[in-house]
Amino acid sequence: MTKNSTSSAGSAWTGMVPVEDTALAVTDTGGPGIPVVYLNGQFATQGYWRRVIADLGAGWRHITYDERARGRKSKRSADYSFEAAVRDVDAVLAARGVDRALVVGWSYGAVVAAHWADRNPDRAVGAVLVDGAFPYDWLDEAMEKRIRTLFRRLSWVMALARPTGLAPRMTAAQQAESNIELGRLSRESELGPVLDGITVPVRYVVASGTSFGSRGDEQERIRAGLDAVTARNPHIEVSAKVPSNHGALLRKDHPAIAGAVREVAALDREGR
(Lines give C-alpha, C1' and ligand atoms only; values in the text may rest on other atoms or scores of the structure.)
Protein backbone atom coordinates (compact mmCIF):
# COMPACT_ATOMS: atom_id res chain seq x y z
CA MET A 1 0.00 0.00 0.00
CA THR A 2 1.40 3.42 -0.89
CA LYS A 3 2.07 5.89 1.90
CA ASN A 4 -0.29 8.75 1.18
CA SER A 5 -1.86 10.96 3.86
CA THR A 6 -1.82 9.35 7.31
CA SER A 7 -1.26 5.69 8.09
CA SER A 8 -4.02 5.06 10.66
CA ALA A 9 -7.06 3.16 9.40
CA GLY A 10 -9.25 5.68 11.22
CA SER A 11 -7.67 8.71 9.55
CA ALA A 12 -8.12 10.24 6.11
CA TRP A 13 -6.12 8.36 3.48
CA THR A 14 -5.72 8.30 -0.28
CA GLY A 15 -3.56 5.75 -2.08
CA MET A 16 -3.29 2.50 -3.99
CA VAL A 17 -4.43 -0.84 -2.59
CA PRO A 18 -2.74 -3.89 -4.17
CA VAL A 19 -5.26 -6.59 -5.12
CA GLU A 20 -4.23 -9.83 -6.86
CA ASP A 21 -2.55 -8.78 -10.15
CA THR A 22 -3.60 -5.14 -9.96
CA ALA A 23 -3.97 -2.12 -7.66
CA LEU A 24 -6.99 0.07 -6.95
CA ALA A 25 -7.12 3.81 -6.28
CA VAL A 26 -8.87 4.25 -2.92
CA THR A 27 -10.03 7.27 -0.90
CA ASP A 28 -10.99 6.91 2.77
CA THR A 29 -12.20 9.96 4.70
CA GLY A 30 -11.51 8.21 8.00
CA GLY A 31 -13.21 9.12 11.23
CA PRO A 32 -15.36 7.28 13.78
CA GLY A 33 -18.60 7.25 11.81
CA ILE A 34 -20.27 4.25 10.16
CA PRO A 35 -18.08 3.11 7.23
CA VAL A 36 -19.91 3.48 3.92
CA VAL A 37 -18.29 1.87 0.88
CA TYR A 38 -19.49 3.10 -2.51
CA LEU A 39 -19.58 0.71 -5.48
CA ASN A 40 -19.52 2.38 -8.86
CA GLY A 41 -21.39 1.83 -12.07
CA GLN A 42 -19.80 -0.64 -14.46
CA PHE A 43 -17.42 1.82 -16.13
CA ALA A 44 -17.86 4.79 -13.78
CA THR A 45 -15.48 6.27 -11.22
CA GLN A 46 -15.55 7.18 -7.54
CA GLY A 47 -16.04 10.87 -8.34
CA TYR A 48 -19.69 10.18 -9.21
CA TRP A 49 -20.47 9.89 -5.48
CA ARG A 50 -19.26 13.33 -4.41
CA ARG A 51 -22.75 14.85 -4.07
CA VAL A 52 -24.05 11.93 -2.01
CA ILE A 53 -21.00 12.17 0.24
CA ALA A 54 -21.49 15.92 0.65
CA ASP A 55 -25.15 15.38 1.58
CA LEU A 56 -24.25 12.83 4.26
CA GLY A 57 -21.42 14.97 5.61
CA ALA A 58 -18.52 14.33 7.93
CA GLY A 59 -20.37 12.15 10.42
CA TRP A 60 -19.75 9.10 8.23
CA ARG A 61 -16.61 7.32 7.10
CA HIS A 62 -16.76 7.40 3.29
CA ILE A 63 -14.71 4.88 1.32
CA THR A 64 -14.63 5.15 -2.47
CA TYR A 65 -12.46 3.42 -5.05
CA ASP A 66 -12.05 2.91 -8.76
CA GLU A 67 -12.45 -0.66 -9.99
CA ARG A 68 -9.86 -2.45 -12.09
CA ALA A 69 -8.77 -0.35 -15.10
CA ARG A 70 -11.25 2.38 -14.22
CA GLY A 71 -10.46 5.98 -13.44
CA ARG A 72 -7.03 7.49 -13.97
CA LYS A 73 -5.02 5.40 -11.52
CA SER A 74 -6.44 1.90 -10.96
CA LYS A 75 -4.34 -0.62 -12.84
CA ARG A 76 -5.27 -3.10 -15.55
CA SER A 77 -5.94 -6.75 -14.70
CA ALA A 78 -6.28 -10.13 -16.35
CA ASP A 79 -9.62 -10.54 -14.56
CA TYR A 80 -12.56 -8.16 -15.05
CA SER A 81 -15.17 -10.67 -13.93
CA PHE A 82 -18.03 -9.98 -11.57
CA GLU A 83 -16.49 -12.26 -8.95
CA ALA A 84 -13.32 -10.17 -9.08
CA ALA A 85 -15.46 -7.09 -8.39
CA VAL A 86 -16.96 -8.76 -5.31
CA ARG A 87 -13.51 -9.82 -4.09
CA ASP A 88 -12.31 -6.25 -4.48
CA VAL A 89 -14.86 -5.06 -1.90
CA ASP A 90 -13.30 -7.38 0.67
CA ALA A 91 -9.79 -6.38 -0.35
CA VAL A 92 -10.48 -2.66 0.05
CA LEU A 93 -12.21 -3.10 3.41
CA ALA A 94 -9.40 -5.32 4.68
CA ALA A 95 -6.78 -2.83 3.56
CA ARG A 96 -8.57 -0.04 5.42
CA GLY A 97 -9.13 -2.11 8.56
CA VAL A 98 -12.93 -2.09 8.28
CA ASP A 99 -14.77 -5.11 9.69
CA ARG A 100 -18.33 -3.97 9.06
CA ALA A 101 -19.71 -1.55 6.47
CA LEU A 102 -22.81 -0.20 4.77
CA VAL A 103 -22.55 -0.80 1.02
CA VAL A 104 -24.03 1.61 -1.53
CA GLY A 105 -24.00 0.53 -5.15
CA TRP A 106 -25.23 2.14 -8.34
CA SER A 107 -26.14 0.15 -11.47
CA TYR A 108 -23.52 -2.63 -11.80
CA GLY A 109 -22.35 -1.69 -8.31
CA ALA A 110 -25.83 -2.41 -6.97
CA VAL A 111 -25.54 -6.03 -8.09
CA VAL A 112 -22.09 -6.25 -6.48
CA ALA A 113 -23.53 -4.76 -3.27
CA ALA A 114 -26.44 -7.24 -3.25
CA HIS A 115 -24.10 -10.22 -3.60
CA TRP A 116 -21.74 -8.88 -0.93
CA ALA A 117 -24.58 -8.24 1.52
CA ASP A 118 -26.00 -11.72 0.92
CA ARG A 119 -22.62 -13.38 1.47
CA ASN A 120 -21.64 -11.27 4.49
CA PRO A 121 -24.66 -10.86 6.79
CA ASP A 122 -22.44 -10.40 9.85
CA ARG A 123 -20.30 -7.75 8.15
CA ALA A 124 -23.00 -5.79 6.32
CA VAL A 125 -24.70 -2.93 8.14
CA GLY A 126 -27.07 -3.01 5.18
CA ALA A 127 -27.20 -1.97 1.55
CA VAL A 128 -28.54 0.84 -0.60
CA LEU A 129 -29.08 -0.28 -4.19
CA VAL A 130 -29.32 2.62 -6.62
CA ASP A 131 -31.19 1.79 -9.84
CA GLY A 132 -29.66 -1.63 -10.21
CA ALA A 133 -30.00 -5.24 -9.06
CA PHE A 134 -33.38 -5.79 -10.73
CA PRO A 135 -34.04 -9.49 -11.42
CA TYR A 136 -35.21 -9.62 -15.01
CA ASP A 137 -34.38 -11.79 -18.02
CA TRP A 138 -33.33 -9.02 -20.40
CA LEU A 139 -30.43 -10.84 -22.03
CA ASP A 140 -30.99 -13.00 -25.09
CA GLU A 141 -28.96 -13.75 -28.20
CA ALA A 142 -30.16 -10.62 -29.99
CA MET A 143 -29.24 -8.46 -26.98
CA GLU A 144 -25.76 -10.00 -26.80
CA LYS A 145 -25.23 -9.08 -30.45
CA ARG A 146 -26.52 -5.58 -29.80
CA ILE A 147 -24.14 -5.10 -26.86
CA ARG A 148 -21.10 -6.26 -28.82
CA THR A 149 -22.01 -4.01 -31.73
CA LEU A 150 -22.51 -1.01 -29.45
CA PHE A 151 -19.11 -1.33 -27.77
CA ARG A 152 -17.35 -1.88 -31.11
CA ARG A 153 -18.90 1.32 -32.44
CA LEU A 154 -17.88 3.24 -29.32
CA SER A 155 -14.30 1.95 -29.26
CA TRP A 156 -12.81 5.08 -30.87
CA VAL A 157 -14.67 7.37 -28.44
CA MET A 158 -13.47 5.27 -25.51
CA ALA A 159 -9.89 5.49 -26.74
CA LEU A 160 -10.07 9.29 -26.78
CA ALA A 161 -11.60 9.41 -23.28
CA ARG A 162 -9.21 6.97 -21.57
CA PRO A 163 -6.47 9.51 -20.72
CA THR A 164 -9.04 11.57 -18.79
CA GLY A 165 -10.20 8.60 -16.71
CA LEU A 166 -13.73 8.89 -18.12
CA ALA A 167 -13.46 5.58 -19.98
CA PRO A 168 -11.99 2.29 -18.73
CA ARG A 169 -8.67 0.96 -19.95
CA MET A 170 -10.42 -2.12 -21.28
CA THR A 171 -10.94 -3.28 -24.85
CA ALA A 172 -14.35 -3.04 -26.51
CA ALA A 173 -14.61 -6.83 -26.29
CA GLN A 174 -13.82 -6.82 -22.56
CA GLN A 175 -16.43 -4.15 -21.89
CA ALA A 176 -19.02 -6.03 -23.91
CA GLU A 177 -18.31 -9.31 -22.10
CA SER A 178 -18.62 -7.57 -18.74
CA ASN A 179 -22.01 -6.19 -19.76
CA ILE A 180 -23.16 -9.58 -21.05
CA GLU A 181 -22.05 -11.25 -17.82
CA LEU A 182 -24.17 -8.69 -15.93
CA GLY A 183 -27.15 -9.70 -18.05
CA ARG A 184 -26.68 -13.34 -17.14
CA LEU A 185 -26.32 -12.50 -13.44
CA SER A 186 -29.45 -10.33 -13.57
CA ARG A 187 -31.74 -13.17 -14.66
CA GLU A 188 -34.52 -13.97 -12.23
CA SER A 189 -33.11 -17.45 -11.68
CA GLU A 190 -29.69 -15.98 -10.74
CA LEU A 191 -30.37 -12.70 -8.93
CA GLY A 192 -33.71 -13.65 -7.36
CA PRO A 193 -32.23 -16.16 -4.89
CA VAL A 194 -29.46 -13.71 -3.94
CA LEU A 195 -31.99 -11.01 -3.03
CA ASP A 196 -34.24 -13.53 -1.27
CA GLY A 197 -31.32 -14.60 0.91
CA ILE A 198 -30.43 -11.13 2.21
CA THR A 199 -31.11 -10.73 5.94
CA VAL A 200 -29.87 -7.15 6.49
CA PRO A 201 -31.77 -3.92 5.73
CA VAL A 202 -31.80 -3.07 2.01
CA ARG A 203 -33.28 0.05 0.47
CA TYR A 204 -33.63 0.74 -3.25
CA VAL A 205 -33.53 4.14 -4.89
CA VAL A 206 -35.15 3.70 -8.30
CA ALA A 207 -34.75 6.04 -11.26
CA SER A 208 -37.22 6.74 -14.05
CA GLY A 209 -36.95 6.53 -17.81
CA THR A 210 -34.11 5.16 -19.88
CA SER A 211 -30.52 4.09 -19.34
CA PHE A 212 -27.60 4.01 -21.75
CA GLY A 213 -28.38 1.56 -24.55
CA SER A 214 -32.01 0.93 -23.55
CA ARG A 215 -34.98 1.49 -25.83
CA GLY A 216 -38.54 2.62 -25.20
CA ASP A 217 -39.95 1.36 -21.91
CA GLU A 218 -37.33 -1.40 -21.68
CA GLN A 219 -35.78 -0.03 -18.50
CA GLU A 220 -39.11 0.43 -16.74
CA ARG A 221 -40.01 -3.19 -17.48
CA ILE A 222 -36.70 -4.26 -15.96
CA ARG A 223 -37.38 -2.18 -12.82
CA ALA A 224 -40.78 -3.84 -12.46
CA GLY A 225 -38.98 -7.07 -11.56
CA LEU A 226 -38.37 -5.56 -8.14
CA ASP A 227 -42.04 -5.85 -7.12
CA ALA A 228 -41.84 -9.59 -6.52
CA VAL A 229 -38.62 -9.18 -4.52
CA THR A 230 -40.07 -6.70 -2.03
CA ALA A 231 -43.14 -8.93 -1.66
CA ARG A 232 -40.98 -11.94 -0.75
CA ASN A 233 -38.29 -10.39 1.45
CA PRO A 234 -39.36 -8.06 4.30
CA HIS A 235 -35.80 -6.76 4.66
CA ILE A 236 -36.00 -5.12 1.22
CA GLU A 237 -38.02 -2.00 0.44
CA VAL A 238 -38.05 0.84 -2.07
CA SER A 239 -36.96 4.02 -0.30
CA ALA A 240 -37.64 6.36 -3.22
CA LYS A 241 -38.66 6.48 -6.85
CA VAL A 242 -36.99 9.58 -8.30
CA PRO A 243 -37.70 11.52 -11.51
CA SER A 244 -34.16 11.42 -12.94
CA ASN A 245 -33.09 8.78 -15.44
CA HIS A 246 -30.43 6.15 -14.77
CA GLY A 247 -27.48 8.28 -15.77
CA ALA A 248 -28.52 11.46 -13.96
CA LEU A 249 -29.82 10.38 -10.55
CA LEU A 250 -26.48 10.53 -8.72
CA ARG A 251 -26.20 14.12 -9.88
CA LYS A 252 -29.81 15.24 -9.52
CA ASP A 253 -31.37 13.02 -6.85
CA HIS A 254 -28.47 12.58 -4.43
CA PRO A 255 -30.61 13.67 -1.43
CA ALA A 256 -32.79 10.57 -1.93
CA ILE A 257 -29.72 8.33 -1.89
CA ALA A 258 -28.34 9.99 1.24
CA GLY A 259 -31.77 9.57 2.84
CA ALA A 260 -31.76 5.86 2.08
CA VAL A 261 -28.30 5.51 3.66
CA ARG A 262 -29.58 7.17 6.83
CA GLU A 263 -32.63 4.92 6.81
CA VAL A 264 -30.54 1.74 6.59
CA ALA A 265 -28.18 2.92 9.33
CA ALA A 266 -31.12 3.71 11.61
CA LEU A 267 -32.60 0.24 11.03
CA ASP A 268 -29.26 -1.33 11.89
CA ARG A 269 -29.09 0.63 15.16
CA GLU A 270 -32.64 -0.47 16.05
CA GLY A 271 -31.78 -4.10 15.36
CA ARG A 272 -28.78 -4.23 17.69
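Definitions and limits used
- Residues numbered from 1 in each chain as written.
- Predicted model: local features only at pLDDT ≥ 70, side-chain atom pairs only at ≥ 80, totals over all residues.
- Heavy atoms only, no water.
- Buried < 20%, exposed > 50% of the residue type's maximum accessible area, 1.4 Å probe, protein only.
- Helix = DSSP H or I, 4+ residues; strand = E, 2+ residues; numbered from the N terminus.
- Pairing = 2+ DSSP bridges.
- Axes fitted to C-alpha atoms, helices over the stretch in contact; angles between N-to-C directions.
- Contact = heavy atoms within 4.5 Å.
- 1 Å grid on protein atoms, 1.4 Å probe; cavity = no way out; pocket = protein on both sides within 12 Å on 5 of 7 lines; lining within 4 Å.
- Points joined across faces, edges and corners; volume = space filled by probe spheres on them.
- Nonpolar A, V, L, I, M, F, W, Y, C, P; charged D, E, K, R; others polar.

Most of strand β1 (residues 13–19) is tucked away: five of the seven residues are buried. Where β1 meets strand β2 (residues 22–28), seven bridges bridge the pair, whose relative direction is antiparallel. Paired with V19 across the bridge in β2 is T22. Following β1, the chain reverses through two residues before pairing antiparallel with β2; E20 in that reversal takes a positive phi of roughly 50 degrees.

The next thing to look at is the sheet that holds strand β3 (residues 35–39). Taking strand neighbours across the sheet as the criterion, the eight strands line up as β1-β2-β4-β3-β5-β6-β7-β8 in an open arrangement whose pairing is mixed. Of all strands in the sheet, those with a lone pairing partner are β1 and β8 (236–241), marking the two edges. Ignoring strand direction, the axes of neighbouring strands in this sheet form an average angle of 25 degrees. Across the sheet, helix α2 (residues 82–95) touches β1, β2, β3, β4 (61–65) and β5 (101–106), and the angle it forms with β4 is around 135 degrees. Together, β3, β5 and β6 (124–130) form the strand contacts of helix α3 (residues 108–119), whose direction differs from that of β5 by roughly 150 degrees.

Before going further, it helps to examine empty space enclosed by the protein. The full count for this structure, using the stated rule, is two cavities of 30 Å³ or more. Lining of the largest cavity is provided by L39, N40, G41, Q42, A44, Y65, E67, R70, A85, Y108, G109 and V112. Of the residues in the lining of the largest cavity, the class split is six nonpolar, four polar and two charged. The wall of the second largest cavity is formed by E67, R68, R70, D79, Y80, S81, A84, A85, D88 and Y108. If you tally residues by element for the lining of the second largest cavity, the top one is α2, at three residues. Looking at side-chain class alone, the lining of the second largest cavity contains four nonpolar, one polar and five charged residues.

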